[in-house]
Amino acid sequence: MKWTSQIYADMLQLNTVYSSLSDMLCVTVKLDILILAFVRTTELQGDLSRLAYFSNRSGNTNIAARISMNNPPWPNGKKVVHLDLKGAPPKVEYIFQLIECFSRLGADGLLVEYEDMFPYEGELKLLQATSQPAYSRDQILAIQKVAKSKGMEIIPLVQTFGHLEFVLKHRPMWSLREVSNCVGTLNPHKEEGFKLVMEMLRQVVELHPGLNALHIGADEVYMLGEGELSKLWLASSGRTVEQLFLSHVASIVKYIKKEWPHMTIIMWDDMMRGMSQDTLKASGIVGFVQPMLWDYTPNLDVDKTVSLLEKYYSAGMQDMWAASSFKGSTSVYTNVPSTQRHVDNHLQWLKVVGSVSPVLNMRGIAITGWQRYDHLSVLCELMPVGLPSLAACLQTLIHGQFSPEAKNKASEMLGVSSVEVETMGSTLDDATLFPGRRLAESIVELDSILCNEDIRSFEKNIYVRGWFSPYHRSRRMANPFITGQIQSQASMYLALLQQKADVVREEMCHLYPDSTAQEWIDEHVSPVTAPLWRILDEIAACATEIVP
């Protein structure tokens, strides 16, 4: 490899000979076979990433594409798993198991979104969950101790502007909304709202001794500028909604830096995507916050994302984060994730970091696992069914591709034969490798029954529509022989669903509060069983009118 390294070094020096990068690339493209020959060598991956970057910028996409055929692994920086506790909060013992699992799979940090599961005190105690107890102070400290023992940094995520549904839903907080019918957005003009957020931050930071990084949220600040106070503020010449957003964030950031000067501050980037460099430069947040760019789609637009990163960098934001997804982003009510979909998302992020300028400092990636889209939406996939996806996504980052080696490693680490949870099987009896595996298996089995069209569309089958229509029911006049057949089929389906649902509930209650199990059953099972029960009741009512 020594001679190839020398040729490659000479090739890179051609930039000093030719008048433009495109001229240099016309020469290097003649040697692309050589480049591909040693593209996998670790010592040259950094240079190849740079060459791919310059190739893209100079328009020579042919060589850039060839170089990018094998992405380098995720660069130095944190691989942080998102623990979303605003729905289905795991029992603390299960969190301990998950932390050990995350660490073994390759994560080195946790982004913890407590919401109403944090033990707020004093006037903020009303923010605590009521459907199940919030974690105690001792439990929060115990979680940190376990994470620290695995070398994992905890970064709390505390929303400070948008997605404050868990706060603003409470009657005493209604007056702090930007507009009355938007439960998530804080009014940025009221001092009481600012003090509320500061007290939330203070309590969270104080219960995390030695905390070095804090995520302040600030995504999806819906309806901003629509409140009466905001309209008055915007009436002054030259003021914009963008400036209104940035002024509130700047106030939050200044407070944090005053109280905890060492603190790294991270925020979601979406509200800044349409802003100009000049607007960002004048915002007062540059140099104090690190934007976290999120995109959870399998077809993430690489060029657009690279352009965003470069815009933030040009505005003075040198440190940035990415945010991908391993579950909770397919649809608001998805029950079982597709591992391949989430792997594809990570492959796109690898292309992004392989295409950006080397001067841009990617501090890490948050691998999100949303449990709800927001505080008031339904549950997304539970953590156990998402673990195979998480394992595959982490191994994709570590290997730079979803190669057979990456697949096998992910499967091996969980003791399963496939990283698609619907076909994962089992290769080992060691349940500690895959905490919650029995729940994952039972959810997959029940979900396949719940999705059965014969069951979901029972009221539309030929016998129900032909011999037990609304007309027959309203007059309580139907053929008892056929309604008996309908009754038998509906009863069989209900018995099967009840049996599988009981297994899911039992396994779920080992890992989650009873309220989570009840919510999951109410959301996924009851809508399917309710029509079946209704038909049985109506058949029984008809029977009294026609059967002797």
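Throughout this document, residue positions are counted from 1 along each chain, in the order its sequence is written. Local features are withheld for residues below a pLDDT of 70 in this predicted model, meaning they are given only at 70 or higher, and side-chain atom pairs are given and counted only at 80 or more; totals for whole chains, interfaces and linings count all residues. Side-chain numbers come from the whole structure's heavy atoms, not from hydrogens or water.

Peer 1: Mind laying out the sheet that holds strand β8 (residues 361–369), listing which residues take part and the relevant values?
Peer 2: By this definition, two strands are paired if DSSP reports at least two bridges between them. Labels follow the DSSP assignment, with helices taken as runs of H or I lasting at least four residues and strands as runs of E lasting at least two, numbered in each case from the N terminus. Spatial ordering of the open sheet is given by β3-β2-β1-β8-β7-β6-β5-β4, a layout of eight strands whose pairing is parallel. Edge positions in the sheet fall to β3 (153–156) and β4 (213–215), since each of these pairs with one other strand and no more. Each strand of the sheet is rotated relative to its neighbour by a mean of 25 degrees, with strand direction disregarded. Inspection of the sheet shows strand β1 (residues 78–84) paired to strand β2 (residues 109–113) by five bridges, in the parallel sense. When the bridges of β2 are listed, V80 appears paired with G109. This element, helix α13 (residues 302–314), spans β6 (289–294), β7 (319–327) and β8 of the sheet and lies at about 170 degrees to β6. Fitted lines through C-alpha atoms give the axes, limited to the stretch in contact for helices. The angle between two N-to-C directions lies from 0 to 180 degrees. Residues are treated as being in contact if the distance between any of their heavy atoms lies within 4.5 Å.

Peer 1: Tell me about helix α15 (residues 383–399), and please be specific about residues and values.
Peer 2: A helix is expected to span 1.5 Å for every residue after the first. Given a rise of 1.5 Å per residue, 17 residues ought to cover 24 Å, and the 24 Å separating the end C-alpha atoms of α15 matches this to within 8%. The bend reported for a residue corresponds to the angle between axes fitted to the seven residues ending at that residue and the seven starting there. Along α15, the largest kink reaches about 30 degrees and is centred on S389. Throughout this description, buried means an accessible area under 20% of the type-specific maximum (1.4 Å probe, protein chains only), exposed means over 50%, and partly exposed covers the range between. Counting buried positions along α15 yields 15 of 17 residues, so the element is predominantly enclosed. Phi for G400, located one or two positions after α15, is positive at around 85 degrees.

Peer 1: Could you give me a rundown of the packing of α13 against helix α14 (residues 339–355), with the residues and numbers involved?
Peer 2: Packing of α13 against α14 leaves a shortest axis separation of 9 Å and a crossing angle of 45 degrees. Our classification of the angle between α13 and α14 gives oblique. Seen along the crossing, α13 lies across α14 with a hand that is right-handed. Across from V302, T305, V306 and L309 in α13, the residues of α14 making contact are Q348, W349, K351, V352 and S355. Here the contact of α13 with α14 is built from residues that sort into five nonpolar, three polar and one charged. Roughly parallel means an angle under 35 degrees; roughly antiparallel means over 145; roughly perpendicular covers 65 to 115; every other angle is labelled oblique. Take the far helix as the reference: if the near one is turned anticlockwise from it by less than a right angle, the crossing is left-handed, and if turned clockwise, right-handed. Under the grouping applied here, Gly and all other residues not named as nonpolar or charged are polar, the nonpolar ones being Ala, Val, Leu, Ile, Met, Phe, Trp, Tyr, Cys and Pro and the charged ones Asp, Glu, Lys and Arg.

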